[in-house]
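A closer look at the structure
Residues per chain are reported as follows:
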Amino acid sequence: MRETNKPASEMSTKELASYIDYSVLKPEFTEEEIVDLTKDGVRLGCATICINPAYMDLCEPYVKGSETMLCPVTDFPFGASSTKSRVEQIENVAKYDTVKEVDIVANFGLIRSGQYDKVLEDLKACAAAAHKHGREIKVIFETDALNEEQIKKMVHVCIEAGVDFVKTSTGFLTGHESHGATPEVIALMQKEADGKVKVKGSGCIRTREHFLKLIDMGIDRMGVGYRSVPVVLGLDD
């Protein structure tokens, strides 16, 4: 868990922004929109800009020389590609100097099927691909599709696989109720992680109260959509 020396309500905008992975993942975004949002995340001092891998070359010039880096999100949003494909996707983006971390979606269909050995084997390969280039990797569970026991089990699978972060949601799940990074699911993941892996919350972080509460709980990072970033930072007044 991330250590803090003061309540989130007393943090500066820059301190708060350091918790944010600024989400720029909607597939309908134009290149102009992607560039504008990337510039906004850099201006605010967010930790990273989460982008789809096709836009690495487009976005890289706008983060160079800043404290903000890129976080390409691979095999998004389904996590259902072959391990070979997933590793290649990671390798393709991890080589960029502007990449801080790589996110990837776990195959949550396999998780729901109880195929944890297959999930573990896959995530070990994915982690190795990221670490080969000195990048950390975050694994998205899609927690709204899972039950409590599956979430708990997956934290331990990720620890064994050697990943760096466990993460809640894509924000693109259909056919299920959307709850995302609730305090309850974050607390569950933190307890199971026991300091062995970092925790990122994403999905449905849309209010300043929610955002500050998760910081006070010791969350390591949060994925926040572009519309919600000014809200959680208190810039929409």
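Residues numbered from 1 in each chain as written. Predicted model: local features only at pLDDT ≥ 70, side-chain atom pairs only at ≥ 80, totals over all residues. Heavy atoms only, no water.

1. Notes on the nonpolar core
The condition that has to hold: Buried Ala, Val, Leu, Ile, Met, Phe, Trp, Tyr and Cys residues form a nonpolar core when they are joined through side-chain atoms within 4.5 Å. A 1.4 Å probe rolled over the protein chains alone gives each residue an accessible area, and that area as a share of the maximum for its type sets the label: buried under 20%, exposed over 50%, partly exposed in between. Only runs of H or I of at least four residues qualify as helices and only runs of E of at least two qualify as strands under DSSP, and these elements are numbered from the N terminus. Note on contacts: a residue pair is in contact if any heavy atoms of the two residues lie within 4.5 Å.
In terms of nonpolar packing, the biggest core is built from 78 residues, with Phe141, Met154 and Phe211 touching the most fellow members. Considering every element that reaches this core, the biggest residue donor is helix H6 (residues 116–132), with eight residues. Among all residues touching Phe141, those that are not within four sequence positions of it are Phe108, Ile111, Leu146, Ile151, Met154, Val155, Cys158, Val166, Lys167, Thr168 and Met189.

2. A word on a negative patch on the surface
Inclusion rule: For patches, a residue must show more than 30% relative accessible area and have no salt bridge; joins then use 9 Å for like charges and 5 Å for nonpolar side chains, namely Val, Leu, Ile, Met, Phe, Trp and Tyr. The method behind every accessible area is Shrake-Rupley, applied with a 1.4 Å probe, and residues are considered shielded solely by the protein chains displayed. A pair is scored as a salt bridge if a Lys or Arg side-chain nitrogen falls within 4 Å of a carboxyl oxygen belonging to Asp or Glu. When charges are counted, Lys and Arg are positive and Asp and Glu negative, with His and the chain ends excluded. Charge positions are represented by NZ for Lys, CZ for Arg, CG for Asp and CD for Glu.
A contiguous patch of negative charge, built from Glu28, Glu32, Glu33 and Asp36, is present on the exposed surface. Considering the arrangement of structural elements, one finds Glu28 in the loop between strand S1 (20–24) and helix H2 (31–44).

3. Digging into the sheet that holds strand S2 (residues 48–51)
Quick note on the threshold: Any two strands between which DSSP finds at least two bridges are classified as paired. What counts as an axis is a line fitted to C-alpha atoms, over the stretch in contact for a helix, and the angles between N-to-C directions run from 0 to 180 degrees.
Here we have eight strands rolled up into a closed barrel, ordered S1-S2-S3-S4-S5-S6-S7-S8, and parallel in their pairing. This sheet shows a mean twist of 25° between the axes of neighbouring strands, independent of strand direction.

4. Remarks on the pattern of salt bridges
As enumerated under the stated definition, the model contains 17 salt bridges in all. Between Asp21 and Lys138 there is a salt bridge, and its shortest N-O distance comes to 3.1 Å. Placement of the pair is Asp21 in strand S1 and Lys138 in strand S5 (residues 136–140), with a sequence separation of 117 residues. In this structure Lys138 comes out as buried when scored by relative accessible area, which is 0%. For Glu149, the salt bridge is made with Lys152, and the minimal N-O distance between the two is 3.4 Å.

5. A closer look at unusual backbone geometry
In this structure, Pro77 follows Phe76 across a cis peptide bond, with omega equal to 5°. Structurally, the position occupied by Pro77 is in the loop between strand S3 (69–74) and helix H4 (83–94). You will see that Glu142, though not glycine, has its phi angle at about 65°, which is positive. Of note, Glu142 is situated in the loop between S5 and helix H7 (148–161).

6. Quick word on the state of the cysteines
Cut-off, in case you're wondering: Two cysteine sulfur atoms form a disulfide, by the criterion used here, when they sit within 2.5 Å.
Under the counting rule described, the total for this entry stands at zero disulfides. Between Cys50, a free cysteine, and Cys71, which holds the nearest cysteine sulfur, the sulfur-to-sulfur gap is 3.9 Å. Counting only cysteine sulfurs, Cys50 is the nearest neighbor of Cys59, a cysteine outside any disulfide, at a range of 11 Å. Since its relative accessible area comes to 0%, Cys59 is described here as buried.

7. A word on the side chain of Lys167
The criterion, for reference: Polar contacts here mean pairs of N or O atoms no more than 3.5 Å apart (in protein, one a potential hydrogen donor and the other a potential acceptor; neighbouring residues in sequence count only if both atoms are side-chain atoms).
Looking at where Lys167 falls in the secondary structure, it is placed in strand S6 (residues 165–167). The exposure class of Lys167 is buried, given its relative accessible area of 5%. At 2.8 Å, the side chain of Lys167 and the side chain of Asp103 are in polar contact.

8. A look at the pairing of S5
The cut-off we apply is this: A crossover gets the label right-handed when its path from the first strand over the helix to the second runs clockwise, viewed with the strands pointing away from the viewer.
Of all five residues making up S5, four are buried, and the element is well covered by its neighbours. Sheet topology note: the strand S4 (residues 101–105)/S5 ladder contains five bridges and is parallel. Of the residues in S5, the one forming a bridge with Glu101 is Glu136. By the bridge criterion, three bridges tie S5 to S6 in an arrangement that is parallel. Note that in S6 the partner of Ile140 across the bridge is Lys167. A crossover connection joins S5 to the parallel S6 through H7; in handedness this β-α-β unit is right-handed.

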